[in-house]
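# Reading the structure
Read off the chains here:
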Amino acid sequence: AGPMLAETDAQAGALGYKADATKVDKAKFPKYAAGQLCNNCALYQGKASDAAGGCPLFAGKQVAGKGWCSAWAKKA
Ligand code: SF4
């Protein structure tokens, strides 16, 4: 498990990543819908119950289970 992804990371900022999904900039990212979380994103590599897990978009880092970014994708 790597270090937690910082919101100040350049790519995190570009994708609007927030460790707390409720803090997402909804004006900038209108696609965000309440209930979308890293831990229910198709790309999340942790278990849904994990507080943090990997994400292929941020190699070597961990994203918060309750986080969000604009690449969020519904699980198939
Ligand atoms: Fe979280 Fe999914 Fe964005 Fe990765 S792609 S940071 S798991 S919302």
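This text goes with the structure placed above it.
This structure is a prediction, so every number in the text was calculated from the model and none was measured.

Calculation rules
- Residues numbered from 1 in each chain as written.
- Predicted model: local features only at pLDDT ≥ 70, side-chain atom pairs only at ≥ 80, totals over all residues.
- Heavy atoms only, no water.
- Salt bridge = Lys/Arg side-chain N within 4 Å of Asp/Glu carboxyl O.
- Helix = DSSP H or I, 4+ residues; strand = E, 2+ residues; numbered from the N terminus.
- Contact = heavy atoms within 4.5 Å.
- Polar contact = N/O pair within 3.5 Å; in protein donor to acceptor, adjacent residues only side chain to side chain.
- Phe/Tyr/Trp six-rings, centres within 6.5 Å; stacked < 30°, edge-to-face > 60°.
- Buried < 20%, exposed > 50% of the residue type's maximum accessible area, 1.4 Å probe, protein only.

Further remarks concern the pattern of salt bridges. The tally for this structure, following the rule as stated, stands at three salt bridges. Two residues, Lys18 and Glu7, come together in a salt bridge whose shortest N-O distance is 3.8 Å. On the criterion of sequence distance, the pair formed by Lys18 in the loop between helix H1 (10–14) and strand E1 (52–54) and Glu7 in the segment before H1 is long-range, its members being 11 residues apart. A salt bridge links Asp9 to Lys61; its shortest N-O distance comes to 3.8 Å. In this pair, Asp9 sits in the segment before H1 while Lys61 sits in the loop between E1 and strand E2 (62–64), placing the two residues 52 residues apart along the sequence.

It is worth spelling out the environment of Trp72 at this point. Mapped onto the secondary structure, Trp72 falls in the segment after E2. In this structure the C-alpha to C-alpha distance between Trp72 and Cys38, which are 34 residues apart in sequence, comes to 7.1 Å. Non-local contacts of Trp72, meaning those with residues more than four positions away in its chain, are made with Lys31, Gln36, Leu37, Asn40 and Cys41. A polar side-chain atom of Trp72 sits 3.0 Å from the main-chain carbonyl oxygen of Leu37.

For the rest of this paragraph, the subject is the packing of aromatic side chains. Scanning the model with the defined rule gives three aromatic pairs in all. Between Tyr17 and Phe58, the ring centres sit 6.1 Å apart and the planes meet at 55 degrees, which makes this aromatic pair tilted. Linking Tyr17 in the loop between H1 and E1 with Phe58 in the loop between E1 and E2, this pair joins segments that are 41 residues apart in sequence. Neither residue differs from the other here; Tyr17 and Phe58 are each classed as buried. Centre to centre, the rings of Tyr32 and Trp68 are 5.1 Å apart; their planes meet at 85 degrees, and the pair counts as edge-to-face. In this pair, Tyr32 sits in the loop between H1 and E1 while Trp68 sits in the segment after E2, placing the two residues 36 residues apart along the sequence. Residue classification places Tyr32 among the buried residues on the basis of a relative accessible area of 12%. Judged by relative accessible area, which is 0%, Trp68 ranks as buried. Aromatic ring contacts, followed pair by pair, group Phe29, Tyr32 and Trp68 into a single cluster.

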